[in-house]
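Okay, here's what each chain looks like letter by letter:
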Amino acid sequence: MGYVNEAALKRKLGIPNWRNLSKAKVLKFAATMPEMATEVRLKLIEQFPAFKDLGKTDIDAVTEAHKSTLAANENSQNHFYKASQDQRDALQADLGRDDLSWAQREALHDRLDQNVQRVGEKDSESKQFLGAGMKVVAAAGAAALGLGVVFVGGKIAGASEDGSEESQ
């Protein structure tokens, strides 16, 4: 069962024109592709750049948010590493004193070891954070690619029909 024309499809989606096709309605639109008459489907495919722009806008927003998050993470990491280095410098200066007992030196070495372990943990934490962020960006890219495949798939399906589809 195909839609008679573009206007019928816009009515079903509840939009006055294609500029009003929101992100939420894109999925509803994609779901209606198989129900469209071939000529309606092909006419909409001609407007694919507008749908591409919608996906690109989403990807750009995710990318900018990711860049901002990366910058904040790097700033936080730098503060942590600076504080850790300052502590190591102070502990090493204390270790250079001649009046320390063996137990005091051992305690300072333990504190240095703890500091180095915390730096390693922070590095691992940061790598996990960055990995999770990359997954979000990759998922957004995959979603945009998937949307493109839906539209291109509709074009291929429309082009492969023999033209005997009924418009109702």
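About the criteria used
Residues numbered from 1 in each chain as written. Predicted model: local features only at pLDDT ≥ 70, side-chain atom pairs only at ≥ 80, totals over all residues. Heavy atoms only, no water. Helix = DSSP H or I, 4+ residues; strand = E, 2+ residues; numbered from the N terminus. Buried < 20%, exposed > 50% of the residue type's maximum accessible area, 1.4 Å probe, protein only. Contact = heavy atoms within 4.5 Å. Areas by Shrake-Rupley, 256 points an atom, 1.4 Å probe, with all protein chains shown as cover. Core = buried A, V, L, I, M, F, W, Y, C linked by side-chain atoms within 4.5 Å. Phe/Tyr/Trp six-rings, centres within 6.5 Å; stacked < 30°, edge-to-face > 60°. Lys NZ or Arg CZ within 6 Å of the ring centre and 35° of its normal. Salt bridge = Lys/Arg side-chain N within 4 Å of Asp/Glu carboxyl O. pLDDT = per-residue confidence, 0-100. Lys, Arg positive; Asp, Glu negative; His and termini not counted.

(A) A look at the overall build of the chain. Helix and strand counts for the chain stand at 5 helices and 0 strands. What you see in the chain, going N to C, is helices and strands ordered as α-α-α-α-α. Counting the 168 residues in the chain, one finds 27% classified as buried. Relative to all contacts within the chain whose residues are 6 or more apart in sequence, the contacts with residues 24 or more apart total 68%. Summing over all exposed atoms, the chain offers an accessible surface of approximately 10,900 Å²; the carbon and sulfur share of this is 58%.

(B) Main features of the environment of aspartate 94. Position of aspartate 94 among the secondary structure elements: in helix H4 (residues 48-95). Aspartate 94 gets classed as partly exposed once you look at its relative accessible area, which sits at 30%. Taking C-alpha positions, aspartate 94 is 7.8 Å from leucine 108, a pair spaced 14 residues apart along the chain. Discounting residues that sit within four places of it in the chain, aspartate 94 has contacts with Leu100 and Leu108.

(C) View of the environment of lysine 12. Relative to the elements of secondary structure, lysine 12 occurs in helix H1 (residues 6-13). Along the backbone, lysine 12 and threonine 32 are 20 residues apart, and their C-alpha atoms lie at a distance of 9.3 Å.

(D) Structural view of the nonpolar core. Counting residues in each nonpolar core, the largest one holds 6 residues, listed as Leu9, Leu13, Ile15, Trp18, Ala37 and Val40. Of all hydrophobic cores here, the second largest spans 5 residues; its members include Leu91, Leu95, Leu108 and Leu112.

(E) Structural detail: the packing of aromatic side chains. Taken as a whole and judged by the stated rule, the model has 1 aromatic pair. For the pair phenylalanine 80 and tyrosine 81, a centre-to-centre distance of 5.8 Å together with 65° between the ring planes defines the contact as edge-to-face. The lysine or arginine in question, lysine 122, covers the ring of phenylalanine 80, its NZ or CZ lying 5.5 Å from the ring centre.

(F) Looking closely at the side chain of serine 126. Inspection of the secondary structure puts serine 126 in helix H5 (residues 102-160). Note on serine 126: relative accessible area 8%, which makes it buried. Excluding residues within four positions of it along the chain, serine 126 makes contact with Asn73 and Gln77.

(G) Broad picture of H1. Within H1, the full set of buried residues consists of Glu6, Ala8, Leu9, Lys10 and Leu13. Two residues or fewer past H1, glycine 14 is found with a positive phi of approximately 75°.

(H) Structural context of the pattern of salt bridges. Taken as a whole and judged by the stated rule, the model has 5 salt bridges. Here lysine 67 and glutamate 64 are joined by a salt bridge, their closest N and O atoms 3.7 Å apart. Here the residue lysine 67 and the residue glutamate 64 both occupy positions in helix H4, the gap between them amounting to 3 residues, near one helical turn.

(I) Representation of the confidence of the model for the chain. On average, residues of the chain score 76 in pLDDT, and 63% of them reach the 70 mark or higher. Note that residues 154-168 has pLDDT below 50 and, in this model, 20 contacts with residues that lie over four places away or in other chains.

(J) Region of the structure containing the side chain of arginine 88. By secondary structure assignment, the location of arginine 88 is in helix H4. The buried charged residue arginine 88 lacks any salt bridge, with aspartate 89 as its nearest oppositely charged partner at 6.2 Å.

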